[in-house]
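# Coordinates in review
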Amino acid sequence: MIPAGPETSLRLNTEIDALCVHAIRALVMDAVEQARSGHPGMPMGMADAAYVLWRYVMRHNPRNPLWPNRDRLVLSAGHGSMLLYALLHLSGYDMPMEEIRRFRQWGSITPGHPEYDPHRGVETTTGPLGQGFANAVGMALAARMLAERFNRPGFPIVDHFVYVIASDGDLMEGISHEAASLAGHWGLGNLIVLYDDNEVSIDGPTDLAFTEDVAMRFRAYGWHVLDLDGHDREAVAQALAEARQVSDRPSLLICHTHLAYGSPNKQDRAEAHGAPLGAEEVRRTKERMGWPVEPPFYVPEAVYTHMRRLIEEGARWEAEWRARFEAYAAAYPDLAAEWARWWQGELPEGWEEAVPTFPPSADGMATRAASGKVLNALARVIPNLVGGSADLMESTQTYLHGFPAVARGRFEGRNIHFGVREHAMGGILNGMSLYGPFRVYGGTFLVFSDYMRPAIRLAAMMRRSVIYVFTHDSIAVGEDGPTHQPVEHLTALRAIPNLWVIRPADANEVAEAWKVALRRRDGPVALILTRQKVPVLDRSVLAPASELARGGYVLAEAGGGKPDLILIATGSEVALALAAREQLEAQGIPTRVVSMPCVELFEAQPEAYRQAVLPPGIPRLAIEAGIPWGWYRYAQAVVGLERFGASAPYPEVYQRLGFTVERVVEEALQLLGRGGAPGSG
C-alpha cells in the first residue's frame, strides 16, 4: 500500500522557490553568525532539497504538530539544526523569530542540536550521528505495525511517510549500517532518506576515510536508490515522487550537494562545516544571492506568504483525515476506541491483575525466567506491548508466545527480531516510542548494554518510556567468562540521568518491577535480571514485594526492631545478605536487611522515609556483585568487585571472588570494630 500524499507531479514556482531557499540560507548564516558558533555548511547545502520536501511533498500541519497521520521528518544530521528551525519558523510552527535570534543560547528553544519538542515539530533529539536514522526506522516500523492493526478496506487511517535528512557522517556510523540492514530486511517502503552527499567532513574531504560505494551498499541492503543533483529542485521533486511509489523497499536519495552552497570563498571547504562563515563572507554570500546584507534575519513577506500556506493546507489535510476517521469510527467503533486508548497512553483496566505472583521457593527461579512469565502474562492483556531482542529471545526470555514475529509483509507480529544489532535496537526502540502508541521493550545481556548506551542516553534525555530487559547480570554468568560478565555496567547505567535501573531480588520483585516500568511515562527503565536461580523469598515473614516501588525498603528487620548494623543489597545478593543476617543475629548483632532494587526510586522518596530505612549513625555494609562506586553514598563499606570476573562454574566464581556468607559476616564485624579495617573486594 502506497500512503496517500500530495500530488506526485509537482509544479514548482522558480521565482518564489528561489526566494524561499535564499531566505533559509540567509537565516542559517545570520543565526550562526550571531551565536558565533554552529554549522552553516550542511543547512546551506541541503536548503534546496529540504525546502522541496517540506513545502511541496510532506503532509503536516503547523497548527497541530501532533496530528497522528502527519509525515515525519527526522534531521539525523542534527548539527544542521538551523535548517530545521528555519523551516519550522517560515512555515508557521511555534518557532518565533526571537528564538531564531537566540540560536544556541541559554533557555532558547533552538539548541545547537535539535532536542525532542513535538509541540513545535521537532520529532526527535539528534546530534550523535546515526541515531536519527535508526529512530526513523523505528518510526517507519511502528507506522507499518499500526496500519496492520487498524487499517481496514477503504479506511487507510495510517497512511504516511517517514523522511530523513542524513549526512556522510550518519552513514559512516555503525548504527546506520545496522538500522539500514533491518529497514531493507523488513521492506519499509514508507521510509525515504535524503542523503546529503557533500563529500566534506570536519577533518576535510570524506575520502580521507570514506570511499565505499554507498549506492551499492544500500542496494545490497534491499533499498531503492536514486542519484541526483541536490541543488536541482525539479530533480529532487521527481526523485521524491518516484520514491513514494516504491512500496516494498525503503528509498535512499543520494543528493549531491556543495557544503555552504553559494559562499564565494568557503563553499566545499571543511571550515564551513562547524564554524561561522564570518561577517565578511556572510556579506559576500548575500550579495551573490542578491539578498540584502542588512538587516540580519531579514525575510521578505512573500516568503512568509508562500511558506505559511502550509497552515491552510495542513489544516485541510488533517480535516480530510479526521472526516475519514469519523467514518471509520462509525464502521469500526471498537477499533476506534482502542485507537484512542493507545494514543492516550492508557493501559487496559485491571491490567495489573494479570501479573502473576510466585510462591516461596528455596530452589528458586532465575529472575529472567520470572520476567518472561510476567511479560507473557502482560502481553495477553496489553495489545500494544511489543518488543524483542538482539538475537537472544530465549536467553533473555523476551519472546511473546502465541504471537507471530514481525517480518517483511507481516507487520501484525509483536515479536521483533533485531538480530545481533544492539545499537540499532536501542535507536529503533526510541523511534517506536517517539512514534506514539506502542509500549516497547528490548532485551540483551547486561554486558552488551555498552553497545546501545548512546541510544539509552537519548531515551533518558527525551523521557521516552522504553523498557530494557538486561539479563545475565553479574559474574554468575559463570563459564562464559569475564567478557560476558558485567562488572562496571550497573554503575555506568546508574550514572545516566533519568534512567531507572531496577535490579530485583526475586521473582515477586520482578513482577513489581514490570508494574513500575509500565506505569512510568517520563523515561526509560532498565530491568537487571539473573541468569542463575535465586530463592523466591517468603513474603509472609518479610516485607511485601510491592515495596519495590519505593526503590529501597526494609526487607527484614533486626531482632528487637533496633539494628546495630544494616546490610544493603540488590538482586541475587539480597539472598546472600539474608543468610549473613542469620549468622550475625546468632552472634547477638541485631541486623536489618534493606533491599535496594532501584536507587533512583529510593532517592525520589521523602527524606523522612529514606532516613527511616537508613537511619543516620548506624553502620551500613552494601553488597553487590559489581564495581562498588556509588554505594559509598549509603554505606561505609562495600562487598563488591574491583576486577573482572573469571571463567568457571558460577558457584566457584562467587566463592573465589568473595561473595559468600563468611565474607559478608567478616566485613560486617570489621565495620563494627570487631576485626580489621573494613574494605571492598
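Residues numbered from 1 in each chain as written. Predicted model: local features only at pLDDT ≥ 70, side-chain atom pairs only at ≥ 80, totals over all residues. Heavy atoms only, no water.

## So, the overall build of the chain
We count it as follows: Secondary structure elements follow DSSP: runs of H or I no shorter than four residues count as helices, runs of E no shorter than two count as strands, and numbering proceeds from the N terminus. For the radius of gyration, the atoms used are the C-alpha atoms, and the globule rule reads 2.2 Å times the number of residues raised to 0.38. Relative accessible area decides the class of each residue, using a 1.4 Å probe on protein chains only: under 20% of the type maximum gives buried, over 50% gives exposed, and in between gives partly exposed. Contacts are assigned to residue pairs that have any heavy atoms within 4.5 Å of one another. Every accessible area reported is derived by Shrake-Rupley at a probe size of 1.4 Å, with residue values counting cover from the shown protein chains alone. Lys and Arg are tallied as positive, Asp and Glu as negative. Neither His nor the chain termini are counted. Lysine's charge is taken at NZ, arginine's at CZ, aspartate's at CG and glutamate's at CD.
Scanning the chain for helices and strands turns up 24 helices and 20 strands. Its C-alpha radius of gyration of 28 Å places the chain within 12% of the 26 Å reference for a compact globule of 681 residues. Along the three orthogonal principal directions, the C-alpha set of the chain runs to about 90 × 60 × 45 Å. For the chain, with 681 residues in total, the buried portion stands at 63%. The long-range share in the chain, meaning contacts at least 24 apart out of those at least 6 apart in sequence, stands at 77%. Surface exposure of the chain reaches about 24600 Å², of which carbon and sulfur atoms provide 50%. Of the charged side chains in the chain, 64 are positive and 80 negative; the average position of the first set lies 3 Å away from that of the second.

## A word on the UniProt feature "binding site: substrate" (unreviewed entry) in the chain
Test applied: UniProt positions are given in the numbering used here, feature names are shortened, and annotations may be inferred rather than shown by experiment.
The sites that carry the UniProt feature "binding site: substrate" (unreviewed entry) are, in the present numbering, His39, His273, Arg368, Ser395, His472, Asp480, His484 and Arg531. On the basis of their most widely separated C-alpha atoms, the annotated residues across 493 residues do not gather in one place, lying as much as 47.8 Å apart. As for its placement among the helices and strands, histidine 273 is situated in the loop between strand 7 (251-256) and helix 10 (279-289). Apart from residues no more than four positions distant in its own chain, histidine 273 is found in contact with Gly38, His39, Pro40, Gly41, His79, Ile202 and Leu259. Examined against the element boundaries, histidine 472 turns out to sit in the loop between strand 12 (467-471) and helix 18 (489-494). Once residues lying within four places of it in the same chain are set aside, the contact partners of histidine 472 are Arg368, Ser395, Phe445, Leu446, Val477, His484, Pro486, Leu529, Thr530 and Arg531.

## Concerning the domain arrangement of the chain
Short version of the rule: The domain limits used here are those given by an automatic or database domain assignment. When two parts are put together, the accessible area they lose, computed with a 1.4 Å probe and summed over both, is reported as buried area. The salt bridge definition used is simple: a Lys or Arg side-chain nitrogen within 4 Å of an Asp or Glu carboxyl oxygen.
Per the domain assignment, the segments of the chain are domain 1 (18-318), domain 2 (351-536) and domain 3 (548-672). Centre-to-centre separation of domain 2 and domain 3, based on C-alpha positions: 25 Å. With 30 residues of domain 2 at the interface, the matching set in domain 3 holds 34 residues. Between domain 2 and domain 3, the buried area comes to about 2500 Å², and carbon and sulfur atoms account for 62% of it. Three residues stand out in domain 2 for area buried against domain 3, namely Ile475, Val487 and Arg503, and they jointly supply 26% of the buried area on that side. Between arginine 503 and glutamate 573 there is a salt bridge whose closest N-O contact spans 2.5 Å. Those elements that place two or more of their residues in the side of domain 2 that touches domain 3 are helix 18, strand 13 (500-502), helix 19 (507-519) and strand 15 (533-536). Broken down by element, the residue count for the side of domain 2 that touches domain 3 peaks at four residues, all from helix 19.

## Details of helix 8 (residues 214-221)
Each turn of an α-helix holds 3.6 residues, which means side chains three or four residues apart point in the same direction. Spelled out, the test is: Here, the arc refers to the directions that run from the helix axis to the C-beta atoms. Polar contacts here mean pairs of N or O atoms no more than 3.5 Å apart (in protein, one a potential hydrogen donor and the other a potential acceptor; neighbouring residues in sequence count only if both atoms are side-chain atoms).
All of the buried residues along helix 8 are Val214, Ala215, Arg217, Phe218 and Tyr221. Within helix 8, the buried residues cover an arc of 160° as seen down the axis, which keeps them to one side. Summarising the geometry of helix 8, the exposed residues directed more than 90 degrees from the buried face are Met216 and Ala220. Residues of helix 8 that are buried in the fold lie against helix 5 (131-150), helix 6 (168-172), helix 7 (174-186), strand 3 (191-197), strand 6 (224-229) and strand 7. With a side-chain oxygen lying 3.3 Å from the backbone nitrogen of alanine 215, the N-terminal cap of helix 8 falls on aspartate 213. Phi turns positive, to about 95°, at glycine 222, one or two residues after helix 8.

## A short note on the sheet that holds strand 6
Our working definition: When DSSP finds at least two bridges between two strands, those strands are taken to pair. The convention used is that axes are lines fitted to C-alpha atoms, helices contributing only their stretch in contact, and that angles between N-to-C directions extend from 0 to 180 degrees.
Read across the sheet, five strands follow the order 1-2-3-7-6 without closing on themselves; strand pairing throughout is parallel. The strands lining the two open edges of the sheet, one partner per strand, are strand 1 (72-75) and strand 6. Direction aside, neighbouring strands of the sheet carry axes that sit 20° apart on average. Where strand 1 lies against strand 2 (residues 162-167), four bridges are found, and the strand directions are parallel. Counted as the bridge partner of valine 74 is valine 164 from strand 2. Across the sheet, helix 5 is in contact with strand 1, strand 2 and strand 3; its angle to strand 2 comes to roughly 165°.

## What to know about the packing of helix 1 (residues 14-35) against helix 10
What counts here: Working definition: roughly parallel below 35 degrees, roughly antiparallel above 145 degrees, roughly perpendicular at 65 to 115 degrees, and oblique for all remaining angles.
Relative orientation of the contacting elements helix 1 and helix 10 amounts to 170°, with a least axis distance of 11 Å. Taken together, the axes of helix 1 and helix 10 are roughly antiparallel relative to one another. Taking contact as the criterion, the partners of His22, Arg25, Ala26, Met29, Asp30 and Glu33 in helix 1 are, on helix 10, Ala279, Val282, Thr285, Lys286 and Met289.

## Re unusual backbone geometry
In this model, glutamate 294 is joined to proline 295 through a cis peptide bond whose omega is -5°. One non-glycine residue with positive phi stands out, namely arginine 463, at about 60°. Note that arginine 463 resides in the loop between helix 17 (453-462) and strand 12. Phi is positive for histidine 472, close to 55°, though the residue is something other than glycine.

## What about the pattern of salt bridges?
Taken as a whole and assessed by the stated rule, the structure comprises 30 salt bridges. Linking glutamate 338 and arginine 149 is a salt bridge whose minimum nitrogen-to-oxygen distance equals 2.6 Å. In this pair, glutamate 338 sits in helix 13 (residues 333-344) while arginine 149 sits in helix 5, placing the two residues 189 residues apart along the sequence. For glutamate 338, a relative accessible area of 10% translates into the label buried. Residue classification places arginine 149 among the partly exposed residues on the basis of a relative accessible area of 33%. Across the pair aspartate 248 and arginine 249 runs a salt bridge whose closest N-O atoms are separated by 3.5 Å. Each member of the salt-bridge network shares a partner with another, and the members are Glu280, Arg283, Arg284 and Glu287.

## Observations concerning the sheet that holds strand 14 (residues 525-528)
Remark on secondary structure: sheet strands pair via backbone hydrogen bonds, oriented parallel or antiparallel. Overall, parallel pairing links the six strands, which are arranged 10-9-11-12-14-13 in an open sheet. In the strand order of this sheet, the two ends are held by strand 10 (415-417) and strand 13, each with one partner. The average undirected angle you get between the axes of adjacent strands in this sheet is 20°. The pairing of strand 9 (residues 385-389) with strand 10 spans three bridges and is parallel. Among the inter-strand pairings, serine 389 is bridged to a residue of strand 10, identified as histidine 417. Along the sheet face, helix 19 touches strand 9, strand 11 (439-445), strand 12, strand 13 and strand 14 and points at about 150° away from the line of strand 12.

## Considering the nonpolar core
We apply this condition: For our purposes a nonpolar core is just a set of buried Ala, Val, Leu, Ile, Met, Phe, Trp, Tyr and Cys residues, chained together by side-chain atoms within 4.5 Å.
Ranked by internal contacts, the top residues of the largest apolar core, which has 153 residues, are Phe133, Trp186, Leu191, Phe218, Trp223, Leu240 and Leu253. No other element matches helix 5, which puts 13 residues into this core. Formed jointly, this core draws a minimum of three residues from each of two domains, domain 1 (18-318) and domain 2 (351-536). Ignoring sequence-local partners within four residues, the contact set of phenylalanine 133 consists of Ser76, Ala166, Leu171, Ser176, Ala179, Ala180, Val193, Phe218 and Trp223. One finds Val593, Phe602, Ile618 and Ala668 within the second-largest nonpolar core, a separate group that totals 54 residues.

## Focus: the environment of tryptophan 343
Residue placement: tryptophan 343 occurs in helix 13. Along the chain, tryptophan 343 and alanine 556 lie 213 residues apart, while their C-alpha atoms are 42 Å from each other. Ignoring anything within four residues of it in the chain, the contact list for tryptophan 343 reads Pro68, Arg72, Leu146, Tyr435, Gly436 and Pro437.

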